[in-house]
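# Structural features, examined
Each chain is listed here by its residues.
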Amino acid sequence: MENIAEYIKEGRKEAWRAELRKSMKPKERTSLERVQMREQDGEERSHNSMEVNLGLTEQMAVAESHRCLDCPQPTCTIGCPVGINIPKFIKKIEAQDFLGAAAAIKETNALPAVCGRVCPQEKQCELNCFYTQKLNLPPIAIGHLERFAADYERNSGKMAIPEISESNGIKVAVVGSGPSGLAAAGDLAKFGYDVTVFEALHEIGGVLKYGIPEFRLPNDIVDVEIENMRKMGVKFLTDFIVGKTASFEDLREQGFKAFFVGSGAGLPRFMNIPGENYNGIFSSNEYLTRVNLMKAAHEDYDTPVLSGKNVAVVGGGNTAMDSVRTAKRLGADRAMIIYRRSLEEMPARKEEVHHAQAEGIEFMNLHNPVEYFADENGRVNKMRVQKMELGEPDASGRRRPIPIEGSEFDIDVDTVVVAVGVSPNPIVPSSLKDLKMSDWGTIIVDKETMQSSIPDIFAGGDIVRGGATVILAMGDGRKAAVGIHNYIQEKVAK
Amino acid sequence: MNKIIEMEFFSENVAKIILEAPDIAKSRKAGHFVIIRMDEKGERIPLTIADGDPEKGTITLVVQKVGVSSAKLLAKKVGDEILDVVGPLGHATHIENYGTVLCAGGGVGVAPMMPIVKALKEAGNKVITVLAGRTKELIILEDEMRAYSDEVMIMTDDGSYGKKGLVTAGMEDVIQREKVNKAFVIGPAIMMKFGSLTTKKYNIPTDVSLNTIMVDGTGMCGACRVSIGGKTKFVCVDGPEFDAFEVNWDEMMTRMGAYKTEEHAAYEKYLQTVEKKA
């Protein structure tokens, strides 16, 4: 698959595809309405932790697949960081070969059930869809269809293991079991390497487990994908911190020929405003980890979490949405988003914002916290916020929020979650003196090969990007797998 | 899975536990800690490593019963396994030849002090150790400390062993008597606060080891954050040892009580279930 565009074009010529294209006129296809994802009722789901989106039925998926025009020059694929052959899998759905659709996705994506749920398709494939670009119509529901194909395969009990090259016995280490590490491990296994994934926590999955809540991405689904990777021969070691439990040098001595570092975004950022260290003020990482990874809301688990009645979440990204919706589910009477820009400028996925609104989340846009106050026990009881207005666009292209002097007022809160971003995890970089780092603490890599300044160390995901999406991390992991493969073929195998 | 090889109770609520952890035994240094999780439903708790044997592949922890997790740990038997042990975490203690070093350990804080005393001695320091506890049975690891210290002074609140008085009184005695170049103070937060107020009076550079609430222990959650010199730092990745004079003790103590109500309720519940079984 040297040239993805070429490969995608070739597939279009196959007889079954040509046949399908003829079966329905483009006009008829474009006149069809976009499918609506089925979801749990807003009020009901705000009290349970079950998945919000319920998936498409077979009929719904097939109907949606008919909308896809199977374009001669498909632009949707350009928007996909892992290069999924989108028209092929959609046409497989139209042909009612659902397992074939899943197989087509898995040619380039190790975690389709995950991506079908958490990818920002509206900014990637669906943004580049012919419908969006040229017809000014809602795009094909590529994400919903991806999820459908992956779920169908999983529920069929006939999950296919991707084809794997003959084992070459060469050991490669993957540091971190989040999306970039899993993607790298999957591809390296396909190339025939003996892959071991080292994970610092006690669970495999990284942010997919500790970060993204059950109602958006059930852990069982992540586990099935991980189980599949085990079947591909990937080994997983939990409770192992590369750079601490053993050094890179120790692992080199054990025969590891190359490393992929996907250690993720570690340090949560705070705003450094007065009172931010009062009890009841969490980073989103802590709040979500307690609930998702440690299952703090379950009676029989030992980890506690403070479940407040008036919960404010500071930030406007997906993590902020996950946190505020979690707070609602833990029994908050009032769960609110405090964000310094307007609703339109929130970086969170539109779908998540809509979901949050339907669940009764309050949005206080154009507000920013400036100070916290606490009761005599040190528990936060008030936050002071300042109103903001929008000025000229800043470097991000969004209008800069400007504080309005004298507009401060207080809100009663008993729990605050700060979700204003993360910095890269310092543990791996601090254990490697010669590793070139940026001023932001990210590992500097070659953009094509993902190779760092140390030749046998490659890196990707948030440790390189500083904070991005699951799918971009996976794209990095795949690129790095190719980079590692070429490196080993050139340097080591000879 | 990490098997418990040996258990020795110093008193009803304090025990030394030696467990299998071959990788950690090899890579650990003075000052490092581990995070353990007892079982599937357990919480992650940080414990400072008191000792290690790379040949046998074991590490030593000293645990005091303070809540559900520590009670569960102390209820384990030799041969039982602990589901998760990860480490070594944090920065190792900065060791050099300072000259004369005063090491003050209170309660189970004596355990993390042990490898520091050992390393300081090996680096050529004169090490004077003050061991303190409320009462005689809470003085632990005395023999081990004597083996690596030039002098050991014992302080008990009730005078049941050694001299009667607080740890600070013992520290003052030493400082009044001879020139001290460096101090390490490890124990309960309140003891570290007053211990370092004592050394501050004499301008003796002092390090403390903080044992805050943690979840992951790898810099991810920020539960362990404390103000050091007015800046927020994470004990797990920036510490656990800090310049004692920079620590905002009151904030730290407040933060350590964040789950007091929940912890108390959970412990009560735990005791009831234990009684039911018995």
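What this report covers is the structure whose coordinates are included nearby.

Next up on the list: the nonpolar core. Ile86, Phe89, Ile93, Val195, Leu208, Phe248 and Val261 of chain A are the most contacted members of the largest nonpolar core, which has 93 residues in total. With eight residues, the single largest contributor to this core is helix 20 (residues 470-492) of chain A. Within the second largest apolar cluster, 55 residues are counted, among which are Ile273 and Ile338 of chain A together with Ile128 and Cys236 of chain B.

Okay, the sheet that holds strand 3 (residues 171-175) of chain A next. All names here are of chain A. Here five strands make up an open sheet; going across it, the order is 5-4-3-6-16 and the pairing parallel. What marks the edges here is a single partner per strand, and that holds for strand 5 (235-237) and strand 16 (457-459). For this sheet the average axis-to-axis angle between neighbouring strands, irrespective of direction, equals 25°. The sheet contact formed by strand 3 and strand 4 (residues 194-198) spans five bridges and is parallel. Within the sheet, the bridge partner assigned to lysine 171 lies in strand 4 and is aspartate 194.

Right, let's get into the packing of helix 2 (residues 15-22) of chain A against helix 6 (residues 86-94) of chain A. Residues and elements named next belong to chain A. One can describe the packing of helix 2 onto helix 6 by two numbers: an axis separation of 11 Å at closest approach and a directional angle of 65°. Between helix 2 and helix 6, the crossing angle belongs to the class labelled roughly perpendicular. As helix 2 packs across helix 6, the resulting crossing turns out to be left-handed. Along the contact surface, helix 2 presents Trp16, Arg17 and Leu20, while helix 6 presents Pro87, Lys88, Lys91, Lys92 and Glu94. A breakdown of the residues in the contact of helix 2 with helix 6 according to their chemical character gives three nonpolar, no polar and five charged.

Looking now at a nonpolar patch on the surface. A cluster of nonpolar side chains, namely Phe130, Leu135 and Leu137 of chain A, defines an oily patch on the protein surface of about 200 Å² accessible area. Structurally, phenylalanine 130 of chain A is set in helix 9 (residues 130-135).

Here the focus is unusual backbone geometry. Residues and elements named next belong to chain B. Residue proline 88 is bonded to the preceding glycine 87 through a cis peptide linkage, with omega at -5°. Its location among the elements puts proline 88 in strand 7 (residues 84-89). In this structure, proline 240 follows glycine 239 across a cis peptide bond, with omega equal to 10°. Structurally, proline 240 can be placed in the loop between helix 7 (235-238) and strand 16 (241-243).

Residue and element names in this part refer to chain B. Burial analysis of strand 9 (residues 126-133) places seven of its eight residues in the buried class, which makes it a mostly covered element. Looking at chain direction, strand 8 (residues 100-106) and strand 9 are connected through seven bridges and run parallel. Bridge pairing in strand 9 links cysteine 103 to threonine 129. In this region the chain leaves strand 8, passes through helix 3 (residues 110-122) and returns to the parallel neighbour strand 9; the handedness of that crossover is right-handed. Across six bridges, strand 9 lies against strand 10 (residues 151-156) in parallel orientation. Across the sheet, the residue bridging to leucine 131 is isoleucine 154, located in strand 10. Handedness of the β-α-β unit built from strand 9, helix 4 (residues 142-148) and strand 10 comes out right-handed.

What counts and how
- Along each chain, numbering runs from 1 in the same order as the chain's sequence is written.
- In the order they appear in the text, chains get letters beginning with A and ligands get numbers beginning with 1.
- Local features in this predicted model are restricted to residues of pLDDT 70 or higher, and side-chain atom pairs are both shown and tallied only at a pLDDT of 80 or more, whereas totals for entire chains, interfaces and linings draw on every residue.
- Computation of side-chain values: all heavy atoms of the structure, hydrogens and water removed.
- As used in this record, nonpolar core signifies buried Ala, Val, Leu, Ile, Met, Phe, Trp, Tyr and Cys residues forming a set joined through side-chain atoms within 4.5 Å.
- Type-normalised accessible area, obtained with a 1.4 Å probe on protein chains alone, sets the label of each residue: buried when under 20%, exposed when over 50%, and partly exposed for intermediate values.
- Under the DSSP-based scheme used, a helix requires at least four consecutive residues in state H or I and a strand at least two consecutive residues in state E, with every element numbered from the N terminus.
- Only when DSSP finds a minimum of two bridges between them are two strands counted as paired.
- Only the stretch in contact is used when fitting a helix axis, every axis being a line fitted to C-alpha atoms; angles between N-to-C directions are given from 0 to 180 degrees.
- Small angles under 35 degrees read as roughly parallel and large ones over 145 as roughly antiparallel, with 65 to 115 read as roughly perpendicular and the rest as oblique.
- Should the near helix be turned anticlockwise from the far one by less than a right angle, the crossing is left-handed, and should it be turned clockwise, the crossing is right-handed.
- It only takes one pair of heavy atoms within 4.5 Å for two residues to be counted as in contact.
- Amino acid classes used here: Ala, Val, Leu, Ile, Met, Phe, Trp, Tyr, Cys and Pro are nonpolar; Asp, Glu, Lys and Arg are charged; the rest, including Gly, are polar.
- Any residue with relative accessible area above 30% and no salt bridge may belong to a patch, with like charges joined within 9 Å and the nonpolar Val, Leu, Ile, Met, Phe, Trp and Tyr side chains within 5 Å.
- Only the protein chains shown count as cover for residues, and all accessible areas are computed by the Shrake-Rupley method using a 1.4 Å probe.
- Criterion for a salt bridge: a side-chain nitrogen of Lys or Arg within 4 Å of a carboxyl oxygen of Asp or Glu.
- Assignment of crossover handedness uses the view with strands pointing away from the viewer, where a clockwise path from the first strand over the helix to the second indicates a right-handed crossover.

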